[in-house]
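# Understanding the architecture of this molecule
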Amino acid sequence: MSSTGIEISDCAASPPPLPVQGDGLVDERDYAGRQIQGAREVQEDRYGVIPPAEFAGAPGSLLLVVADGMGGHAAGELASSLAVDTFAETFLISGTACDAGRLWDGLEEANRRIGREIEVRGAEVAGMGTTLLAVLLRGTLLRWMSVGDSPLYRVRGDILQRLNRIHSKAEELAELVQLGKMSAEEARQ
């Protein structure tokens, strides 16, 4: 994976519980996914939904994984596919007790898998990369892992809140401008 940072929500520092919706049945969540290819020749993005049934006796659990293959680089579609599949498989079989550790295990193995693919295929896929955003719901708790520039938002009523940091050079430069360490003109250049 390619990024300028990695973020993982910590087991000890959980965000506030998600509010109970509708008739109070938290486990009756609705989820959907949709992709739009855009102007590219191939779809370079991939997502996966791992439903509660896969979590061996853990009702109310749901794992969502999104990978945005790096456009303009070699094999973004392969990188995103490998990342989602490997992350989900590793998360589900991880022997780590802490969910944050399981998220980390998934990321590490996905990164290794992409690296092995580059070694095997060589120049054909050199430079391939992807972002990765994994969101784990366990009952009313929300945890996530974020690498790259895929944003995670929480919507509560009329309030839209970004939960994760965006790991990109543009964000770093904007932060430097905001702190007065660089001019806007310098950042544009």
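A few points on the structure. (Residues numbered from 1 in each chain as written. Predicted model: local features only at pLDDT ≥ 70, side-chain atom pairs only at ≥ 80, totals over all residues. Heavy atoms only, no water.)

Check the secondary structure of the chain and you find four helices and seven strands. For the chain, the N- to C-terminal ordering of α and β elements is β-β-β-α-α-β-β-β-β-α-α. Looking at the chain as a whole, 37% of its 189 residues are labelled buried. When contacts within the chain are restricted to residue pairs at least 6 apart in sequence, those whose partners lie at least 24 apart make up 58%. Just so you have it, the chain exposes about 10,800 Å², and 52% of that area is on carbon and sulfur atoms. (Helix = DSSP H or I, 4+ residues; strand = E, 2+ residues; numbered from the N terminus. Buried < 20%, exposed > 50% of the residue type's maximum accessible area, 1.4 Å probe, protein only. Contact = heavy atoms within 4.5 Å. Areas by Shrake-Rupley, 256 points an atom, 1.4 Å probe, with all protein chains shown as cover.)

Looking now at helix H1 (residues 76–93). Under the 1.5 Å per step criterion, the end-to-end length of H1 is 26 Å for 18 residues, consistent within 8% with the ideal 26 Å. Those residues of H1 not exposed but buried are Gly 76, Leu 78, Ala 79, Ser 80, Leu 82, Ala 83, Val 84, Thr 86, Phe 87, Ala 88, Thr 90 and Phe 91. (Expected span 1.5 Å × (residues − 1).)

With that settled, consider the packing of aromatic side chains. Within the structure shown, the criterion is met by zero aromatic pairs. Taking the ring centre of Phe 91 as reference, the NZ or CZ of Arg 102 above it sits at 4.3 Å. (Phe/Tyr/Trp six-rings, centres within 6.5 Å; stacked < 30°, edge-to-face > 60°. Lys NZ or Arg CZ within 6 Å of the ring centre and 35° of its normal.)

So, about the environment of Leu 92. Topologically, Leu 92 is positioned in helix H1. Overall, the relative accessible area of 29% leaves Leu 92 in the partly exposed class. As for Leu 92 and Ile 50, which are separated by 42 residues in sequence, their C-alpha atoms are 9.2 Å apart. Once residues lying within four places of it in the same chain are set aside, the contact partners of Leu 92 are Ile 50, Glu 54, Phe 55 and Arg 102.

What follows covers the side chain of Arg 154. When you line up the elements, Arg 154 lands in strand E6 (residues 153–156). When its relative accessible area of 12% is taken as the criterion, Arg 154 is described as buried. Here the side chain of Arg 154 touches Gln 161 through a polar contact of 2.5 Å, side chain to side chain. (Polar contact = N/O pair within 3.5 Å; in protein donor to acceptor, adjacent residues only side chain to side chain.)

A few words on the pairing of E6. Note that E6 and strand E7 (residues 159–162) share four bridges and pair antiparallel. In the sheet register, Tyr 153 faces E7, and the bridge partner there is Arg 162. Connecting E6 to the antiparallel partner E7 that follows it, the hairpin turn spans two residues, and Gly 157 within it adopts a positive phi of roughly 60°. (Pairing = 2+ DSSP bridges.)

What follows deals with helix H2 (residues 99–121). For H2, with 23 residues, the first-to-last C-alpha span of 33 Å sits near the 33 Å given by 1.5 Å per residue. What H2 keeps buried is the set Asp 99, Ala 100, Gly 101, Arg 102, Leu 103, Gly 106, Leu 107, Ala 110, Ile 114 and Glu 117. Looking one or two places after H2, you find Gly 122, whose phi comes out positive at around 65°.

What follows covers the pattern of salt bridges. A side chain of one charge can pair with a side chain of the opposite charge if their charged atoms are brought near each other. Considering all chains together, one arrives at nine salt bridges under this definition. A salt bridge links Asp 99 to Arg 138, with the nearest nitrogen and oxygen atoms 2.8 Å apart. Here Arg 138 lies in strand E4 (residues 132–138) and Asp 99 lies in helix H2, a separation of 39 residues in the sequence. Classification of Asp 99 as buried rests on a relative accessible area of 8%. The residue Arg 143 makes a salt bridge to Asp 99 at a minimum N-O spacing of 3.7 Å. Taken as a pair, Arg 143 in strand E5 (residues 141–147) and Asp 99 in helix H2 lie far apart in primary sequence, 44 residues in all. For the pair shown, Arg 143 and Asp 99 are each scored as buried. Taken together, the shared-partner salt bridges connect Glu 108, Glu 109, Arg 112 and Arg 116 into one network. (Salt bridge = Lys/Arg side-chain N within 4 Å of Asp/Glu carboxyl O.)

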